[in-house]
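# Tertiary structure, described
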Amino acid sequence: MNKVHTLPVRYDPRELSDEELVARSHEELFHVTRAYEELMRRYQRTLFNVCARYLGNDRDADDVCQEVMLKVLYGLKNFEGKSKFKTWLYSITYNECITQYRKERRKRRLMDALSLDPLEEASEEKAPKPEERGGLDRWLVYVNPIDREILVLRFVAELEFQEIADIMHMGLSATKMRYKRALDKLRDKFADLSET
């Protein structure tokens, strides 16, 4: 009789590496979710922080995190391990954030168009002021969305440049160049604000 499980049945998921948890998930899903749950537990806080900083609000970040977790659940069986699990996870996250960002932008344009007073909808008073946000969030408003994502993946997700380049489908040198330019722009902005 063929043996179904090649890995021991009893294990503590907290003691396994990401790769071991992925292997467990391949065998266990969808009947047992322990390995999957441990993977999500390890990355959920950073995942949320990446989404929140990219999208600018907790509500959208929470929605995207839920979507990412579902995509990981259903995609884990097909994950072949050609990249690290972490890189694959943030690649999914990046794509979901872009989708959400575009959706919100379209929704805002529609609200502006339907509003009786479009100027009121887009008024400066309602826009979040950079000074009201702390830390990295305060400065991310000064860079474009692609550079923002590079900075978030580098500082929040703590990914290597090659991993960021893979996720964003960019060359390594282009990724490093954009990163450096974004930091230079933020340094200049910081210097300007310090002088005023």
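Residues numbered from 1 in each chain as written. Predicted model: local features only at pLDDT ≥ 70, side-chain atom pairs only at ≥ 80, totals over all residues. Heavy atoms only, no water.

For the record, the criterion: UniProt positions are given in the numbering used here, feature names are shortened, and annotations may be inferred rather than shown by experiment.
Looking at an unreviewed UniProt entry, the protein chain carries the name RNA polymerase sigma factor SigX, with the source organism given as Pseudomonas coleopterorum. Note on the protein chain: under the UniProt heading Sequence similarities (unreviewed entry), the record states "Belongs to the sigma-70 factor family. ECF subfamily."

## Brief notes about the overall build of the protein chain
Put simply, the test is: The helix and strand labels rest on DSSP assignments: H or I over at least four residues marks a helix, E over at least two residues marks a strand, and numbering proceeds from the N terminus. Throughout, exposure labels follow a simple rule: accessible area from a 1.4 Å probe, protein chains only, divided by the maximum for the residue type, with under 20% read as buried, over 50% as exposed, and the rest as partly exposed. We call two residues in contact whenever any of their non-hydrogen atoms come within 4.5 Å of each other. Each accessible area is a Shrake-Rupley estimate made with a 1.4 Å probe; only the visible protein chains count as cover when residues are assessed.
The number of helices and strands found in the protein chain is nine helices and zero strands. Along the protein chain, helices (α) and strands (β) appear in the sequence α-α-α-α-α-α-α-α-α when read from the amino end. Put simply, the protein chain has 196 residues, and 37% of those count as buried. Considering only intrachain contacts with a sequence separation of at least 6, the fraction spanning at least 24 residues in the protein chain is 57%. With the model as given, the accessible surface of the protein chain reaches about 12,700 Å², and the carbon-plus-sulfur share is 52%.

## Some thoughts on the packing of aromatic side chains
Convention followed: Pairing of aromatic side chains here covers Phe, Tyr and the six-membered ring of Trp, requires ring centres within 6.5 Å, and sorts the geometry by plane angle: under 30 degrees stacked, over 60 edge-to-face, intermediate tilted. Each ring is checked for a lysine NZ or an arginine CZ that lies within 6 Å of its centre and within 35 degrees of its normal; such an atom marks a charge sitting over the ring.
Enumeration according to the criterion identifies nine aromatic pairs in this entry. Aromatic pair Phe85 and Trp88: ring centres 5.9 Å apart, planes at 50°, arrangement tilted. With Phe85 and Trp88 both in helix H4 (residues 85-114) and three residues apart, this pair spans about one turn of that helix. Among the aromatic residues, ring-to-ring pairing joins Tyr43, Phe79, Phe85, Trp88 and Tyr90 into one connected group. Between the NZ or CZ atom of Arg24 and the centre of the ring of Tyr11, over which it lies, the distance is 3.8 Å. Here the basic side chain of Arg154 rests over the ring of Phe161, its NZ or CZ set 4.1 Å away from the ring centre.

## Concerning the packing of helix H2 (residues 34-55) against helix H3 (residues 58-75)
Our working rule: What counts as an axis is a line fitted to C-alpha atoms, over the stretch in contact for a helix, and the angles between N-to-C directions run from 0 to 180 degrees. In this scheme, a crossing is called left-handed if the near helix is turned counterclockwise away from the far one by less than a right angle; it is called right-handed if the turn is clockwise. Each residue gets one label: Ala, Val, Leu, Ile, Met, Phe, Trp, Tyr, Cys and Pro are nonpolar, Asp, Glu, Lys and Arg are charged, and the others, such as Gly, are polar.
Two elements in contact, H2 and H3, have axes whose closest approach is 9 Å; the angle formed by their N-to-C orientations is 145°. Considering how the two elements wind past one another, H2 and H3 form a crossing that is right-handed. Residues Tyr36, Met40, Leu47, Phe48, Cys51, Ala52 and Leu55 of H2 form the contact with H3, whose participating residues are Asp58, Asp60, Ala61, Asp62, Val64, Cys65, Val68, Met69, Leu70, Val72 and Leu73. In terms of residue class, the contact of H2 with H3 is made up of 15 nonpolar, no polar and three charged.

## Looking at the nonpolar core
So the rule is basically this: Here, the term nonpolar core denotes a set of buried Ala, Val, Leu, Ile, Met, Phe, Trp, Tyr and Cys residues that are joined through side-chain atoms within 4.5 Å.
By size, the foremost hydrophobic cluster in this structure holds 51 residues, and its most contacted members are Val72, Leu76, Phe85, Leu89, Tyr90, Leu151 and Leu153. Elements supplying a minimum of two residues to this core: helix H1 (18-28), H2, H3, H4, helix H6 (135-140), helix H7 (145-155), helix H8 (161-168) and helix H9 (172-195). The element that contributes the greatest number of residues to this core is H2, accounting for 11 residues. Ignoring sequence-local partners within four residues, the contact set of Phe85 consists of Asp18, Val22, Leu39, Met40, Tyr43, Val72, Leu76 and Phe79.

## Comments concerning H3
Formally: A helix's residues, less one, multiplied by 1.5 Å, set its expected span. Throughout this description, a polar contact denotes any pair of N or O atoms lying within 3.5 Å of each other; where both atoms belong to protein, one of them has to be capable of donating a hydrogen while the other can accept it, and for residues adjacent in sequence the pair is counted only when both atoms sit in side chains.
Between its first and last C-alpha, H3 extends 25 Å over 18 residues, near the 26 Å set by a 1.5 Å rise per residue. Residues of H3 that are buried: Asp60, Ala61, Val64, Cys65, Val68, Val72, Leu73 and Gly75. If you check the start of H3, you find a side-chain oxygen 3.2 Å away from the backbone N of Arg59, and it comes from Asn57.

## What to know about H1
Selection rule: The directions considered for the arc are those from the helix axis to the C-beta atoms.
Of all the residues in H1, the buried ones are Asp18, Leu21, Val22, Arg24, Ser25 and Glu28. Along H1, the residues classed as buried sweep out an arc of 160° about the axis, all on the same side.

## Considering the side chain of Thr175
Within the element layout of this structure, Thr175 appears in helix H9. Overall, the relative accessible area of 0% leaves Thr175 in the buried class. A polar contact is formed between the side chain of Thr175 and the backbone oxygen of Gly171, at a distance of 2.8 Å.

## Brief notes about a positive patch on the surface
Where we set the bar: Like-charged residues are merged into a patch within 9 Å and nonpolar side chains (Val, Leu, Ile, Met, Phe, Trp, Tyr) within 5 Å, provided each residue has over 30% relative accessible area and no salt bridge. Salt bridges are identified by distance alone: a Lys or Arg side-chain nitrogen within 4 Å of an Asp or Glu carboxyl oxygen. Counted as positive: Lys and Arg. Counted as negative: Asp and Glu. His and the chain ends are not counted at all. Throughout, a charge is located at the NZ atom of Lys, the CZ atom of Arg, the CG atom of Asp or the CD atom of Glu.
Judged by side-chain charge, Arg102, Lys103, Arg105, Arg106 and Arg108 come together as a positively charged surface patch. Of note, Arg102 is situated in helix H4. Residue Arg102 is classed as partly exposed on the basis of its relative accessible area, which comes to 45%.

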